[in-house]
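Structural description and commentary
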Amino acid sequence: MNTFTSHNIALGKERTISDTAILLKDSNLWKSVKNTVELFYPGPQKENAKYSVVDLGCLEGGYSLEFAKMGFNTLGIEVRQDNIDKCNYVKQQSGLSNLNFAKDDVRNLKNYGKFDITLCYGLLYHLDNPVAYLKTICENTNKALILHTHYANEFDFRYNLGALNNLYRPFEKRIKPLYTKRNFRLGRLTTHEGYRGRWYKEWNAGTADNKVNKMLWASHGNYQSFWLLKRDLIKALYAVGFDHVFEQTNFTGDDMAPDNYIDYNDRSMIVAFKK
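Residues numbered from 1 in each chain as written. Predicted model: local features only at pLDDT ≥ 70, side-chain atom pairs only at ≥ 80, totals over all residues. Heavy atoms only, no water.

**Quick word on the packing of aromatic side chains**
Scanning all chains against the criterion turns up 17 aromatic pairs. Ring geometry for Trp-30 versus Phe-67: centroids 5.2 Å apart, planes at 90°, classification edge-to-face. Highlighted residues: Trp-30 in helix H1 (residues 28–40) and Phe-67 in helix H3 (residues 62–69), separated in sequence by 37 residues. Just as Trp-30 is buried, Phe-67 falls in that class too. Look at Tyr-125 and Trp-227: their rings are 5.7 Å apart centre to centre, the planes differ by 70°, and that puts the pair in the edge-to-face class. Remark: Trp-227 occurs in strand E10 (residues 224–228) and Tyr-125 occurs in the loop between strand E6 (115–121) and helix H5 (130–139); sequence separation between them is 102 residues. Trp-227 shares its class with Tyr-125; the two are buried. Members of the aromatic cluster, connected to one another through ring pairs, are Trp-30, Tyr-41, Tyr-51, Tyr-63, Phe-67, Phe-72 and Tyr-121. One Lys or Arg, Lys-86, reaches over the ring of Phe-4 and ends 5.9 Å from the middle of that ring. Above the ring of Phe-242, the side-chain terminus of Lys-274 is found at 5.9 Å from the ring centroid. (Phe/Tyr/Trp six-rings, centres within 6.5 Å; stacked < 30°, edge-to-face > 60°. Helix = DSSP H or I, 4+ residues; strand = E, 2+ residues; numbered from the N terminus. Buried < 20%, exposed > 50% of the residue type's maximum accessible area, 1.4 Å probe, protein only. Lys NZ or Arg CZ within 6 Å of the ring centre and 35° of its normal.)

**Description of helix H4 (residues 81–94)**
The end-to-end C-alpha separation of H4 is 20 Å, in line with the 20 Å expected for 14 residues at 1.5 Å each. Among the residues of H4, Asp-82, Asn-83, Ile-84, Lys-86, Cys-87, Tyr-89 and Val-90 are the ones counted as buried. (Expected span 1.5 Å × (residues − 1).)

**As for the sheet that holds E6**
Judged by pairing direction, the sheet is mixed, and its seven strands sit side by side in the order E5-E4-E3-E6-E7-E12-E11 without closing on themselves. Two strands bound the open sheet, and with one partner strand each, they are strand E5 (99–103) and strand E11 (244–248). Ignoring which end each strand starts from, the neighbouring axes of this sheet average 20° apart. With seven bridges joining them, strand E7 (residues 141–150) and strand E12 (residues 267–273) adopt antiparallel strand pairing. Residue pairing for E12: Thr-149 is matched across the bridge by Ser-268. (Pairing = 2+ DSSP bridges. Axes fitted to C-alpha atoms, helices over the stretch in contact; angles between N-to-C directions.)

**Notes on the pattern of salt bridges**
Under the definition given, this model contains 16 salt bridges. A salt bridge links Arg-158 to Asp-156, with the shortest nitrogen-to-oxygen separation between them at 2.8 Å. Asp-156 matches Arg-158 in its accessibility class, with the two residues each being buried. One salt-bridge network, in which partners are shared between bridges, spans Glu-154, Arg-196, Arg-231 and Asp-232. (Salt bridge = Lys/Arg side-chain N within 4 Å of Asp/Glu carboxyl O.)

**Points about unusual backbone geometry**
Phi is positive for Arg-185, close to 55°, though the residue is something other than glycine. Its place among the elements puts Arg-185 in the loop between helix H6 (165–173) and strand E8 (190–192). For Glu-193, which is not a glycine, the phi torsion comes out positive at approximately 60°. Within the element layout of this structure, Glu-193 appears in the loop between E8 and strand E9 (195–201).

**Let's talk about the sheet that holds E9**
Taken in spatial order, the three strands make up an open sheet running E8-E9-E10, and their pairing is antiparallel. Bordering the open sheet on either side are E8 and E10, each of which pairs with just one other strand. Sheet twist, expressed as the mean angle between neighbouring strand axes with direction ignored, is 60°. With five bridges connecting them, E9 and E10 associate as antiparallel partners. In the sheet register, Gly-197 faces E10, and the bridge partner there is Leu-228. The strands that helix H8 (residues 230–240) touches are E9 and E10; relative to E9, the one it contacts most, it runs at about 115°. (Contact = heavy atoms within 4.5 Å.)

Following this line, the structure appears as structure tokens:
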């Protein structure tokens, strides 16, 4: 079994990463997701069996497992073989019949039918056409989308430096007052799909597929991705068909997401749902 890189999961007495690191199920990241889901589906576990969840780009299957433990019929979709092997190991060890995984590109979501809840955690900012994909999600979601994503900062002089940012980045990291926000080396502010944001280079164009497949936390099928501004992201969620959108910020405060997580990473949890 390949080494787990993100999800510390309790499988009996086994911990997939460490006995000392916080378990995903105990993290504020998961608790915030669970609390939100219970707003829409407050019933007991047996009632949740009527509903379905899809976990897009599920990585190592930790969130999928927790949804299945809540009683939901859960499908995790993951494109990389190394990751799907870990997911299948989680399924095997958990013994949950309502937990399943598919090795596939998440862009093929429509092939799996509609789901009551969609979890899009750490995925949207790896796509080159995020608004088009939000439309796909909306068309295949009955009730709620839980979206955990980076977004581009509108006013950040570093991204106007172009190639000079490569020189500025190591300099600012040595002077703590300068480094209050991560430097993702994004591109200049521009418009794509009718919305504002910045381009992010994931890997060099032309990189061999076997090398890309080993980049377990990178995009797949597109060498650059587009990060929407937060306000444009919210506008896009309404435009594709969601009726209500709000930001949930109670996922911080532990080792997985420290108190400064949102501002430092330009990343947050957005919940969009239908009436």
